[in-house]
Amino acid sequence: MKILSAADIYKWEQATLISQNISSVELMERAAEALFQAIQQYVGERQASFVILCGFGNNGGDGLALGRMLHMAGHIVRIHLLEHTSYSAENEINQQRLHEMDISISSLSPESILEFPAKSILIDALFGYGLARPLDDRWKPLLYQINTASNPVLSIDIPSGLFADKPTPIEAPIIQAHLTYTFACAKLSLLFPKYASFTSNFQILDIGLEKNIENTLSTPYEYLQKEDVQLLIRPLQKFSHKGTFGHAYMVGGRYGSIGAAILASKAALKTGCGLITAYIPACGYTILQGAFPEAQVETDPLDTHISMFPKQITDYDAIGMGMGMGTHPDTEIALRQLFERLKLMPSIPHLLFDADAINILAKNPDWHVLIPPNSILTPHPKELERLIGLWTDDFEKIAKVRDWCRRYQQIVVIKGANTAIVLPNEMVHFNSTGNPGMATGGSGDVLSGIITSLLAQGHTPADAALLGVYLHGLAGDIAATTIHERSITATDIIAHLSSAWQHLQNPYL
Ligand SMILES: NC(=O)C1=CN([C@@H]2O[C@H](COP(=O)(O)OP(=O)(O)OC[C@H]3O[C@@H](n4cnc5c(N)ncnc54)[C@H](OP(=O)(O)O)[C@@H]3O)[C@@H](O)[C@H]2O)[C@@H](O)CC1
Ligand SMILES: [K+]
């Protein structure tokens with residue numbers, strides 16, 4: 001699914017009105033109907049109480065129309081409307097409809113002192129994507145009351161005060177929504193860690209905007225969903241043997257963190273590659289063989305850390321390296337020597353660099369040009385910062401990574417909530433699966449194993465990164481259905497990979 005700018009969403013909306021021959025009030029009614037259905041689901045069977053805070057544009061219009069529908073469904077509804085000199089036409093029509101039904105509207109100003117009945121749900125319909133500048137300090141008292149109330153806050157389209165597609169100063173007043181119902185497509189700001197306190201959760205509502213028109217709008221940003229990744233799966237063949245599914249080589253571990261290599265290797269095998277060989281320091285041999293009999297193990301001549309890469313490393317289909325590897329100077333030299341060897345080879349395996357492999361690359365910026373094109377790097381935010389330097393906001397971070405990927409023709413997977421996969425063509429895919437419980441030790445090692453496995457199985461690097469990130473998040477989400485998010489471990493993610501494959505390949509789930 002595309003992630004569009006506010007300007008493009010407006011174009012999409014206007015073109016839909018013409019192509020479907022409907023009025024903007026009819027489209028607003030459709031949007032309110034979608035909201036109404038979603039909120040009915042949120043409250044369940046019970047009668048609920050709502051306080052709807054409406055602005056003077058179409059976001060406020062949505063709030064007014066929703067208020068009418070909730071009232072008609074028997075809920076207790078209080079509607080507040082910002083005083084203003086002029087309202088959008090659609091807003092006025094919806095005010096009129098409420099008057100005709102004798103539903104009262106209270107006036108609201110930035111200075112209002114409000115009382116929210118206990119257990120009522122607050123609906124934020126103050127500002128949507130029409131926000132033209134950050135809200136000024138005048139709005140602080142009103143938004144403060146909403147943000148500090150104990151009531152749940154549901155935002156319509158976007159938390160009021162937040163720009164959809166450009167940086168919002170964090171000191172400006174912004175609604176802190178528990179859940180945002182956003183129309184037609186995801187918005188960039190809803191996906192960025194910096195704004196997480198305003199947008200902890202969101203749900204996309206389909207309001208029937210014309211698909212053909214969406215196809216004409218170009219954007220470098222995509223929201224990665226099930227239907228996108230299903231297209232990337234390679235079918236299993238009846239006459240397959242272990243060689244068909246590729247041989248992955250997992251390089252990592254040092255004294256004290258052999259577990260990282262075990263997790264990555266297990267995840268690789270569970271994702272479906274035919275064979276895996278782990279290359280670890282000698283101290284890990286017994287541990288890895290004991291923990292994981294399916295793996296073949298090769299060891300470094302040194303006991304504590306990796307000091308060389310064996311000659312045959314280039315015989316494998318894919319190599320994932322760096323998990324728990326450490327940054328010992330010997331390891332650094334070994335990596336440099338590997339790059340020199342790769343330069344001389346006519347064809348090389350697909351490569352994935354994680355954790356300490358990235359830290360070594362970050363320490364040596366002149367090596368960046370040596371990384372073979374289409375390699376995958378999977379940094380967490382701190383590792384990314386070491387690699388590309390600091391950023392002031394998430395928009396700048398994404399711009400810097402896009403530039404890096406184009407310049408070095410690499411794929412960067414920025415790990416975190418809504419992991420972003422940035423491709424050499426500068427496309428950015430934000431993942432839709434995963435949960436906070438996955439921010440746990442070893443989760444990244446599991447992701448490296450999954451992606452390396454998909455590379456070994458013959459997926460292109462871009463497909464392996466997209467499918468791998470989605471699958472990893474999905475396994476975590478399935479784990480969270482039976483294990484509390486706080487208790488999810490990396491091992492649980494591996495244990496649910498099989499269910500994730502089943503879910504992904506079942507069109508009815
Ligand atoms: N996507 C879709 O298909 C559909 C979208 N729909 C809905 O429409 C919403 C967009 O509506 P919208 O364009 O009327 O803008 P909205 O956010 O309500 O506010 C604009 C008003 O705010 C004002 N204003 C701006 N900044 C300000 C500031 N800092 N401080 C004070 N005032 C400020 C600005 O006036 P200005 O001063 O800039 O002239 C203007 O009066 C969208 O989010 C969705 O909910 C659905 O109904 C149908 C389908
Ligand atoms: K809003």
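Conventions and cut-offs
- Residues numbered from 1 in each chain as written.
- Chains lettered and ligands numbered in written order.
- Predicted model: local features only at pLDDT ≥ 70, side-chain atom pairs only at ≥ 80, totals over all residues.
- Heavy atoms only, no water.
- UniProt positions renumbered as here; feature names shortened; annotations may be inferred.
- Near = heavy atom within 4 Å.
- Polar contact = N/O pair within 3.5 Å; in protein donor to acceptor, adjacent residues only side chain to side chain.
- Areas by Shrake-Rupley, 256 points an atom, 1.4 Å probe, with all protein chains shown as cover.
- Helix = DSSP H or I, 4+ residues; strand = E, 2+ residues; numbered from the N terminus.
- Nonpolar A, V, L, I, M, F, W, Y, C, P; charged D, E, K, R; others polar.
- Pairing = 2+ DSSP bridges.
- Axes fitted to C-alpha atoms, helices over the stretch in contact; angles between N-to-C directions.
- Contact = heavy atoms within 4.5 Å.
- Core = buried A, V, L, I, M, F, W, Y, C linked by side-chain atoms within 4.5 Å.
- Buried < 20%, exposed > 50% of the residue type's maximum accessible area, 1.4 Å probe, protein only.
- Parallel < 35°, antiparallel > 145°, perpendicular 65-115°, else oblique.
- Left-handed = near helix turned anticlockwise from the far one by under 90°.
- Salt bridge = Lys/Arg side-chain N within 4 Å of Asp/Glu carboxyl O.

Within an unreviewed UniProt entry, the label attached to the chain reads Bifunctional NAD(P)H-hydrate repair enzyme, and the organism entered is Sphingobacterium micropteri. Of the chain, the UniProt comment under Subunit (unreviewed entry) reads exactly: "Homotetramer."

Colleague: What's the story with the site of ligand 1 in this structure? I'm lost.
Modeller: Taken together, 22 residues sit near ligand 1, with Asn59, Asp62, Gly128, Arg133 and Asp157 positioned nearest. Take Asn59: an N or O atom from its side chain is 2.8 Å from an oxygen atom of ligand 1. Backbone polar atom of Tyr129 to an oxygen atom of ligand 1: 3.0 Å apart, as the coordinates give it. In the complex, the protein chains occlude 80% of the 940 Å² of accessible area that ligand 1 would expose alone. Tallying contributions element by element places helix H3 (residues 58–72) first for the shell around ligand 1, with 3 residues. Class assignment for the residues of the shell around ligand 1 results in 13 nonpolar, 5 polar and 4 charged.

Colleague: Mind showing me how you'd approach the sheet that holds strand S17 (residues 428–431) here?
Modeller: Within a sheet, neighbouring strands are paired by backbone hydrogen bonds and run either parallel or antiparallel to one another. The strand order S8-S17-S16-S15-S14-S13-S12-S9-S10-S11 describes an open sheet built from 10 strands, whose pairing is mixed. Taken across any chain shown, the strands that pair with only one partner, and hence form the sheet edges, are strand S8 (221–224) and strand S11 (296–299). Strand-to-strand twist across the sheet, computed as the mean angle between neighbouring axes with direction ignored, equals 20°. Bridge count for strand S15 (residues 411–414) against strand S16 (residues 420–422) is 3 bridges, and the pairing is antiparallel. Directly across from Val412, in S16, lies its bridge partner Val422. Along the sheet, helix H8 (residues 259–271) makes contact with strand S9 (247–252), strand S10 (275–280) and strand S12 (318–323), crossing S10 at roughly 170°.

Colleague: Is there a simple way to explain the nonpolar core in this structure?
Modeller: Core analysis: the biggest nonpolar cluster contains 58 residues, and Ile276, Leu288, Ile376, Ile421, Val446, Leu467 and Leu504 have the highest contact counts within it. Element by element, the count of residues in this core is highest for helix H15 (residues 461–482), at 11 residues. Those residues within four positions of Leu288 in sequence are excluded, and the remaining contacts are Ala261, Ile262, Ala278, Ile280, Ala295 and Val297. One finds Ile313, Met325, Phe339 and Tyr408 within the second-largest nonpolar core, a separate group that totals 56 residues.

Colleague: Sorry if this is basic, but what is going on with the packing of H15 against helix H17 (residues 497–505) here?
Modeller: Relative placement of two packed helices is described by the angle separating their axes and the distance separating the axes. Where H15 meets H17, the axes come as close as 8 Å, and the angle between the chain directions of the two elements is 110°. By the angle between their directions, the pair H15 and H17 is classed as roughly perpendicular. In the packing of H15 onto H17, the handedness of the crossing is right-handed. Between H15 and H17, the residues in contact are Leu467, Tyr470, Leu471, Leu474, Ala475 and Ile478 and Leu497, Ser499, Ala500, Trp501, His503 and Leu504, respectively.

Colleague: Would you take a moment to explain the UniProt feature "binding site: K(+)" (unreviewed entry) in the chain for this structure?
Modeller: The UniProt record annotates "binding site: K(+)" (unreviewed entry) at Asn59, Asp124 and Ser160. The largest pairwise C-alpha distance within this set of annotated residues, which runs over 102 residues, is 9.3 Å, so the set is compact in three dimensions. Tracing the chain through its elements places Asp124 in strand S4 (residues 121–125). Excluding residues that lie within four positions of it along the chain, Asp124 makes contacts with Leu53, Asn59, Val153, Leu154, Ser155, Ile156, Ile158, Pro159, Ser160 and Ile175. Along the polypeptide, Ser160 turns up in the loop between strand S5 (153–156) and strand S6 (179–183). You can call Ser160 buried: its relative accessible area is 0%. Contacts of Ser160, omitting those with residues within four sequence positions, involve Asp124, Leu126, Phe127, Leu135, Leu143, Ser155, Pro173, Ile174 and Ile175. Side chain to side chain, Ser160 and Asp124 meet in a polar contact 2.4 Å long.

Colleague: For this particular structure, what's the right way to read the side chain of His496?
Modeller: Turning to its location among the elements, His496 is positioned in the loop between helix H16 (490–495) and H17. A residue is classified by how much of its surface remains accessible, and His496, at 15% relative accessible area, is buried. Other than its neighbours up to four places away in sequence, His496 contacts Ala475, Ile478, Ala479, Thr482 and Ile483.

Colleague: Just to check I follow, could you spell out the pattern of salt bridges for this structure?
Modeller: Once their charged atoms are close, side chains differing in charge can pair, the charge on each being opposite to the other. Taken as a whole and assessed by the stated rule, the structure comprises 18 salt bridges. In this structure, Glu29 engages Arg68 in a salt bridge whose closest nitrogen and oxygen atoms are separated by 2.9 Å. Of this pair, Glu29 sits in helix H2 (residues 24–43) while Arg68 sits in helix H3, and the two are 39 residues apart along the sequence. Of the residues examined, Glu29 reaches a relative accessible area of 24% and is grouped as partly exposed. Look at Arg68 and you get buried, because its relative accessible area is 7%. Of the charged contacts, one joins Glu332 and Lys363 as a salt bridge, the two residues approaching to 2.8 Å between their closest N and O atoms. In this pair, Glu332 sits in helix H10 (residues 329–343) while Lys363 sits in helix H11 (residues 355–363), placing the two residues 31 residues apart along the sequence. On the basis of relative accessibility, which here comes to 13%, the residue Glu332 falls in the buried class.

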